[in-house]
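Structure assessment
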Amino acid sequence: RIADRNDLDAVIHVGDYIYEYGEDHPYQDINLSDRQTIPTGEIVSLDDYRQRYSLYRLTKPLIRAHQQHPFIVTWDDHEVTNDAYEDGAENHQPETEGDYATRKVVATQAYFEWLPIRDNGTQQVYRRFNYGNLVDLFVLDTRHEARTVQPLAVFQPDFNEMRTLLGDEQKAWLLDGLKSSDAKWKVVAQQVMFSPFNIGFAAPGAAITNRDSVLGVESAVLDIWDGYPAERQQIVDEISQNNIDNVVILSGDFHSSFAYDVTTQPALYPVAETNYLPFPSPAYNATTGEGSVAVEFITPSVSAANFDENFDAATSAQFEFSLNNDLSAAFGINAGQPIIYNPHLKFNDLDRNGYVLLDVKADQAQGNFYYVPTVSEISEEESFGTALSTQDGDNHLTANQTESPLKAAQAEPAPDNPPSAATTANLQIIHNAAHQTVDILVNDNAFLNAFAYRTATPFVEVPADVELNLDLVPTNGQTGLEMVSTSVTLEAGKTYIAIAYGTFDANDEFDVQLAVFDEATMTAATTGNVDLQFFHGATNAPTVDIRNGASNLFENIAYGNFADAYLSVPAASYTLGVAATGSADIVAAYTANLDFWKNRTAVVFATGDLAGNTFQPWVALSNGGTFPLNVANANNDFQITPASTSIWNESEALILGVFPNPSLEENTLRYILNETGRVKVDLLDINGRYLKTIFEGEQEKGGYNLTESLDGLQSGIYLYRLQLNDQVVTRKFVKE
């Protein structure tokens, strides 16, 4: 619902914009039937991180939020991997995931590519924003800049020694900035809970007076500032000793709502003198707020799992109550004073998803908590939870405030369909002109070399609002095969599909032509669906209908024509029946397994020649992958996993790369098989002529590296052709 507000100066995102886990991890919401995880495994490489960001940024509410508001962002651990620190992470296994420093570099590169943040040359994310004399906003990096590894346990001998989340340089920058700031309010946006989080009440077997049990359970949450108590105390002391008023800390990470008075000793705990029970602290008065030096608001997650999903509703409710209520009666203890573990905690909600609206005025700062009723589907509703405020100079919270009023002057919302300022159009080209490999020239410049029959490009940007002269030149220069020329003018900001169809055979009546569909799209209109277009490019075939069961999916499609519009259907496996228009008889039926292509688009194109018995429907995916549809068997249960035959783009199912490229003495072909089968790798020249076989044999599903010496090859362009069962993919490389 953030995208619907018209009164925000900025959206502050404090990390975990993405999660690195594979599709089987609970954070990927595996219980949602339409949830996609791309790539399906844990992300490690630069391409992996780029694809995961791309997936998140296909979410329409997130697109709208970025369109509507400026974002001020910082990262937490999952932008690289779980529980990361400066030179390592809990969720990194070098033996299978390679060098951590490399992973951190590529993750950082993807972050700066996809998030609205300036690179100062060192990819440093801690920085300062000024809102006049009202707010100085300090954005921190407590994760990747200089964090040392967290301690294992509260009772380890060096627990209270100095370890750092910030590093000396960033810490000095922060403290100097707080002391020198002339702004009324000093807002610190950072990743993890700053305030003490005491949970001794959860000691196993209710052994809340047993030292080992209490310290053991407290050791479960040392990824937050609780694991770095000396540095936290140093920061609090600087604020207190320099009389720095009006510090507001904004945190995330925990997926739940909290609001704190900031003090490092909210209770006498956990110490032997109180039998490891929390007793009132002389350093903090929970009623008056005396002893608090700042306030902290912790935002709930937008959609990620909360306590009730990670545990259960009853456990979550009990934990929520125990955090800041008197537990004397619950544990049957009469200690002569209340047993409250977190008296500085003024509000908590462990179950609901939403956000915090920080409303800052000259005389007060107020945190408003808002929640949505569900994250299982897009909701038009949100509810106000509560508000807490701190007055100028008070440095503590007052709970149960009324909701901040809307700004008197509301901003004009960004248009739903903003006018395009683009000078380019998006274009996918599909080669369905039998049977020749071609080079494509655009305005006499090379655009695509060695473009094979029945392959496609991904959607690429091309110049718009100018005439484009396209020449399709047979690659091998065979006699009797003429160059085909045509021209198109594409409108800026629009998306097109162009398909070459016909035949290069001069004795054939079907000249090569170009058909253009000018209402193309790269994403499905409905979440969980795939949007299908159909093109009839099969020579000597009549006008056809495409059916699924008794229903017509596409009707009356003549040779050389697209369907009028996309058909949006759930991403699943379909049996497509082909019939002459108006006939009840199904000539042939083909199985199209599209359950892997959720939220995206594809073109089913009829190819080949009916009279020559080479008719077959193929599919071109929006990422450039193509594959044939196979005849359905009697049970209609045949499924095929697609493989790209694009020479431009790696597909989901079969990834192929050559490193280094250009190559000098040798190179390595890296490929991932999406199924077990017979593999053959051949070396071809640029004209597609066979030179030699590099490998042939059975291989299991998985990834492989194949290193080949280039001795004896002249400088030039070559191709590796990999065949896996009935799948074929090629990859070009340059020999220097």
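Now for a description of the structure that goes with this document. Along each chain, numbering runs from 1 in the same order as the chain's sequence is written. Only residues with pLDDT of at least 70 get local features here, since the model is predicted, and only at 80 or more are side-chain atom pairs given and counted; chain-wide, interface and lining totals rely on the full set of residues. In computing side-chain properties, one takes all heavy atoms of the structure into account and sets aside hydrogens as well as water.

Another aspect to go through is the sheet that holds strand S30 (residues 573-580). One requirement defines pairing of two strands: DSSP has to find at least two bridges between them. Secondary structure counts use DSSP, requiring at least four H or I residues in a row for a helix and at least two E residues in a row for a strand, with both numbered from the N terminus. The strand order across the open sheet formed by five strands is S27-S26-S30-S31-S35, and the pairing between neighbours is antiparallel. With one partner strand each, in any of the chains shown, strand S27 (551-557) and strand S35 (630-631) form the two edges of the open sheet. In this structure, strand S26 (residues 544-548) lies alongside S27, joined through four bridges in antiparallel fashion. The partner of Asn548 across the bridge, within S27, is Ser551.

Turning to the pairing of strand S32 (residues 600-607), a few remarks are in order. Within S32, eight of the eight residues are buried, which leaves the element mostly enclosed by the surrounding structure. Here S32 shows a buried face lined by Arg600, Ala602, Val604 and Ala606 and a second buried face lined by Thr601, Val603, Phe605 and Thr607. With seven bridges connecting them, strand S25 (residues 529-536) and S32 associate as parallel partners. If you follow Leu532 over to S32, its bridge partner there is Ala602. Here six bridges tie S32 to strand S33 (residues 616-621), and the two strands are oriented antiparallel to one another. Paired with Val603 across the strands is Ala620, a residue of S33. When accessible area is computed with a 1.4 Å probe and restricted to protein chains, residues below 20% of their type maximum are described as buried, those above 50% as exposed, and intermediate ones as partly exposed.

Let us look at the sheet that holds strand S18 (residues 438-442). Spatial ordering of the open sheet is given by S19-S18-S21-S22, a layout of four strands whose pairing is antiparallel. Two strands bound the open sheet, and with one partner strand each, they are strand S19 (445-451) and strand S22 (484-489). Sheet twist, expressed as the average angle between the axes of neighbouring strands with direction ignored, equals 20°. Here six bridges tie strand S21 (residues 467-474) to S22, and the two strands are oriented antiparallel to one another. By the bridge assignment for S22, Asp471 is matched with Ser485. Comment: axis = line fitted to C-alpha atoms, over the contacting stretch for helices; angle = value between 0 and 180 degrees taken between N-to-C directions.

Moving on, we come to the pattern of salt bridges. Here, a salt bridge means any Lys or Arg side-chain nitrogen found within 4 Å of an Asp or Glu carboxyl oxygen. Summed over the entire model, instances satisfying the criterion amount to 27 salt bridges. Its salt-bridge partner being Arg352, residue Asp349 comes within 2.8 Å of it at the nearest N-O pair. Residue Asp349 is classed as buried on the basis of its relative accessible area of 9%. Its relative accessible area of 33% is what places Arg352 among the partly exposed residues. The shortest N-O distance in the salt bridge between Lys494 and Glu519 comes to 3.5 Å.

Another aspect to go through is empty space enclosed by the protein. A pocket, in this scheme, is an open set of points on a 1 Å grid over the protein atoms alone with protein on both sides within 12 Å along at least 5 of 7 lines, while a cavity is a set where a 1.4 Å probe fits but cannot get out; residues line either one if an atom lies within 4 Å of a point. Grid points are joined across faces, edges and corners, and a volume is the space filled by probe spheres set on the points. All chains considered together, the criterion is met by four cavities of 30 Å³ or more. What the largest cavity holds in volume is close to 90 Å³. Lining the largest cavity, in full, are Leu140, Leu166, Leu174, Leu178, Val188, Gln190, Phe194, Trp225, Ile235, Ile239, Val247 and Ile249. Contributions of two or more residues to the lining of the largest cavity are made by helix H5 (168-180), helix H7 (229-241) and strand S8 (247-251). When residues are grouped by polarity, Ala, Val, Leu, Ile, Met, Phe, Trp, Tyr, Cys and Pro land in nonpolar, Asp, Glu, Lys and Arg in charged, and all others, Gly among them, in polar. Each residue belonging to the lining of the largest cavity can be placed in one class, and the counts come to 11 nonpolar, one polar and no charged. As a volume, the second largest cavity reaches approximately 50 Å³.

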